[in-house]
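What follows is the residue order along each chain.
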Amino acid sequence: MTDAGFALAAAYATLLGGLTYNGKSVVLYSLQAPDNAVAPYIILGPWVSVPAGTKDSFGQTGEITLDVVTRFTGPVSKKPATDIANLATALITPSPGKTGLSVAGFNVVRVQVVGTRDMPQLSDTDTVVRKIITVSHTLNQV
């Protein structure tokens with residue numbers, strides 16, 4: 001059985017690589033953004049999975065998170081993080097039962113956004129508003 005984590009991260013990089021918001025590129029980082037990252041950006045979290053094979057195939061189910069990060073030095077709004085999250089999820093699941101993800105070496109059986117949560121963070125100089133999207137996947141190895 002092959003772990004789908006790397007192939008899934010590559011599929012997300014391809015799908016979300018050209019994402020823009022209000023004329024700005026929304027860069028996708030894997031696992032961690034650099035200290036000098038300019039918001040808005042998305043951090044692709046780790047792939048957490050369990051085997052879900054059958055007697056005829058190797059399969060995996062699991063979740064991955066997308067962390068949409070926006071930053072404000074003046075008035076704060078949840079709207080940009082929500083708008084970017086909506087753009088990303090529209091690419092991931094363009095319609096019920098469909099996905100924009102193509103994962104090399106795997107058949108994508110199911111992709112579903114299973115939750116979102118807002119996480120504001122205050123500092124001495126600015127406010128970071130994050131929106132965490134949790135996406136569930138069922139994949140079968142080809």
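Look up: the structure comes first, before these words.
Quick look at the structure, then. (Residues numbered from 1 in each chain as written. Predicted model: local features only at pLDDT ≥ 70, side-chain atom pairs only at ≥ 80, totals over all residues. Heavy atoms only, no water.)

## Things to note about the packing of helix α1 (residues 5-16) against helix α2 (residues 79-92)
So, point 1. The geometry of α1 relative to α2 is characterised by a closest axis approach of 10 Å and an angle of 115° between their N-to-C directions. Judged by the angle between their axes, α1 and α2 are roughly perpendicular. Judged by the sense of rotation from one axis to the other, the crossing of α1 with α2 is right-handed. Together, Y12, L15 and L16 of α1 and A88, L91 and I92 of α2 make up the contact between the two elements.
So, point 2. Here the contact of α1 with α2 is built from residues that sort into six nonpolar, no polar and no charged. (Axes fitted to C-alpha atoms, helices over the stretch in contact; angles between N-to-C directions. Helix = DSSP H or I, 4+ residues; strand = E, 2+ residues; numbered from the N terminus. Parallel < 35°, antiparallel > 145°, perpendicular 65-115°, else oblique. Left-handed = near helix turned anticlockwise from the far one by under 90°. Contact = heavy atoms within 4.5 Å. Nonpolar A, V, L, I, M, F, W, Y, C, P; charged D, E, K, R; others polar.)

## Describing unusual backbone geometry
Residues other than glycine predominantly adopt negative phi, and peptide bonds predominantly adopt the trans conformation.
So, point 1. Each neighbour pair has its own omega, and for A39 with P40 the value is 5°, a cis peptide bond.
So, point 2. Note on placement: P40 falls in the loop between β3 (27-30) and β4 (41-44).
So, point 3. We note that N22 has phi near 50°; this positive angle belongs to a residue other than glycine.
So, point 4. By the element assignment, N22 lies in the loop between β1 (20-21) and β2 (24-25).
So, point 5. Relative accessible area serves as the criterion here: at 69%, N22 is assigned to the exposed category. (Buried < 20%, exposed > 50% of the residue type's maximum accessible area, 1.4 Å probe, protein only.)

Without other data, these values stay purely geometric and don't point to any function.
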